[in-house]
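So you can see what is in the structure, the chains are spelled out below.
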Amino acid sequence: MCTSDLVSVARWIRATHINTPSLTGPYAAVQPRHLDMTSGKRSKTSLIIISSLTAMLMLTLPTPDTQAAVTFRTVVMAGDQVPGTNPGVVYSSFDAPTLNASGQVALQSYFSGPNVDYTNALGISSEGSGSLSLVARTGDHAPGTSPSTVYSGGFGTAGFSTPLINVAGQTAFSGILAGPDVDSTNSRGIWSQGPNTLDLVARTGNPAPGTDPGVVFSNLQSPVFNAAGQTAFLSSLTGPGVDNTNNLGAWSQGSGPLSLVTRKGDVAPDTESGVTYDQLDDLVINDLGQTALIGELVGPGVDDTNRQGIWSESNGSLGVVIRAGTLASEAEPNSAITLFTDHTFNNAGQTTFIGTISDQNADGIWSINDGSLSLVAKQYDPAPGTESHTRFSLLDSLVRTSGIPINTDGQTAFNSLLQNPGQLGLVGIWTENNNESLQLIARSRTHAPGTNENIVFSDPHPATIGFGFRSPTLNNHGQVAFAAEVTELVYSGGINHTNDLGVWATDTSGQLQLIFRKGDLFDVNDDPLIDD
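From a predicted model like this one, the values you see are computed outputs, not experimental measurements.

Digging into the overall build of the protein chain
Here is step 1: Scanning the protein chain from N- to C-terminus turns up 3 helices and 36 strands.
Here is step 2: Each of the 532 residues in the protein chain was classed as buried or not, and the buried ones make up 55%.
Here is step 3: Considering only residue pairs separated by 6 or more positions, the protein chain has 51% of its internal contacts joining residues 24 or more positions apart.

Considering the sheet that holds strand β25 (residues 362-369)
Here is step 1: Spatial strand order, β23-β24-β25-β26: 4 strands in an open sheet with antiparallel pairing. Two strands lie at the open edges of the sheet, namely β23 (337-345) and β26 (372-378), each paired on one side alone. In this sheet, neighbouring strand axes are inclined to one another by 30° on average, regardless of whether the strands run parallel or antiparallel.
Here is step 2: Note: β25 against β26, 6 bridges, orientation antiparallel. Within β26, the position partnered with Ile365 by the bridge is Ala377.

Notes on the packing of aromatic side chains
Here is step 1: Across all of its chains, the model carries 21 aromatic pairs by this definition.
Here is step 2: Seen in terms of ring centroids, Tyr151 and Trp191 are 5.1 Å apart; in terms of plane orientation they differ by 70°. Their pairing is edge-to-face. In this pair, Tyr151 sits in strand β9 (residues 150-152) while Trp191 sits in strand β12 (residues 188-192), placing the two residues 40 residues apart along the sequence. Across the pair, exposure class does not vary: Tyr151 and Trp191 are buried alike.
Here is step 3: Counting every residue linked through ring pairs, the aromatic cluster contains Tyr151, Phe160, Phe173 and Trp191.

Section: unusual backbone geometry
Most peptide bonds are trans, and most residues other than glycine sit at a negative phi.
Here is step 1: You will see that Asp270, though not glycine, has its phi angle at about 65°, which is positive.
Here is step 2: By relative accessible area, which is 57% here, Asp270 ends up exposed.
Here is step 3: Phi at Asp370 takes a positive value of approximately 50°, unusual for a residue other than glycine.
Here is step 4: Positionally, Asp370 belongs in the loop between β25 and β26.
Here is step 5: Owing to a relative accessible area of 76%, Asp370 belongs among the exposed residues under this scheme.

Some thoughts on the environment of Gln479
Here is step 1: By secondary structure assignment, the location of Gln479 is in the loop between β32 (473-474) and β33 (480-488).
Here is step 2: Here Gln479 falls in the buried class, since its relative accessible area comes to 3%.
Here is step 3: Here the alpha-carbon distance between Gln479 and Ser509, two residues 30 residues apart in the chain, equals 9.1 Å.

Basis of the calculations
Residues numbered from 1 in each chain as written. Predicted model: local features only at pLDDT ≥ 70, side-chain atom pairs only at ≥ 80, totals over all residues. Heavy atoms only, no water. Helix = DSSP H or I, 4+ residues; strand = E, 2+ residues; numbered from the N terminus. Buried < 20%, exposed > 50% of the residue type's maximum accessible area, 1.4 Å probe, protein only. Contact = heavy atoms within 4.5 Å. Pairing = 2+ DSSP bridges. Axes fitted to C-alpha atoms, helices over the stretch in contact; angles between N-to-C directions. Phe/Tyr/Trp six-rings, centres within 6.5 Å; stacked < 30°, edge-to-face > 60°.

Next up, the structure:
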């Protein structure tokens, strides 16, 4: 039986988000990394391979030996027939896939073959129905539009957003349109398969629910999506009475039909009289249909010390979770948190975020549960599991495609650069254990499990901090997974671009195990008679 190199997996793993249920609800979009593939010809490195690591992150592992429990399957290869298309139309290249809690895949891809041109060469495929099937294709009719309106884009032009897939196998995405009645005012839409068939959720130029007659969507942002098949999104507005004070809003299907959550210019709940939203950002939705967002304020008494805040619907209606100016510690008068980023929101209504204490010039990670603010980690504090003089330097400073992960128990995971590391590594990954204390999971310049003793996790490259450890993901059992680069402790020439990246995860006992590594051989077909 022949084998095929796993290079393609390593090429997309950095951008792939291994989704965890009940983190923020939606299965967050990732920034696609296009894979160069041989058009119209099956290529041994042109494939999408999925590991049972995805399912492992959702469920308790059957054995403590993570690596032994991992299985792989080939989802699709370049040259495979595209389901639902004419004979000879095949996949030619793929963007990074997204995964749900069941290990099902949704992906955007390019096609080649008979009668394929720039008008119909791009599509979204999903395994949500049980096997890989075509969900949408450029040139095909776009549901919810006139019969002559089609999806558009391809060959280097904008087409679809990276598809989202939830635990029910439903997909959601945004796309652009073409047709006789399409112009710049109505050329973009959002579609979702929840709760039933693929339907139009919103389109630029269409009336924006909860606004005055004539007010329409003008610039839809990519949606977020939860396990119930509900979408939420931000959009700018145009129309009568719309100006810079009220031209942005947030909409959600969390309560059923698409409805307005809030809008620039609206009174900000739990603030002083006359204080309104001046900006909205970072909208998320959990599996209960509750949304949360970061808002900036304007009005009487608002200044740089109290301008920002986080609001959520965890108590049924939109309410403030935390506002800038809140003291991180009552014992420290100079500990006011003034800036919020990277927030996440779970099904229990718990929130995590990175906040900045301006007076201390320090960032921290905090969580909020039932109104109680708890510190997870703070810049310049001692880094657990390291030397006494080693401290956190830049929290969650590496590659992340969504906010700080939080599971149903309120545990988080993050990475950080280190200050005063001595002779050991410059970066590490931590998570909260069951007693809410921080545990070091991995550190650069230490041995990478599953490799020979001379191979260690890499420090970040001086010019590109995004290398080394990728940001971790976390499941509801407290297990952590991440991708990382490796290098040699003593140079021997054994590590190069063909084998310098891998994926690791903790097992049920907390031990870190290698899942797979770039350069590993992979059997893409179980038939011993097929040369693959």
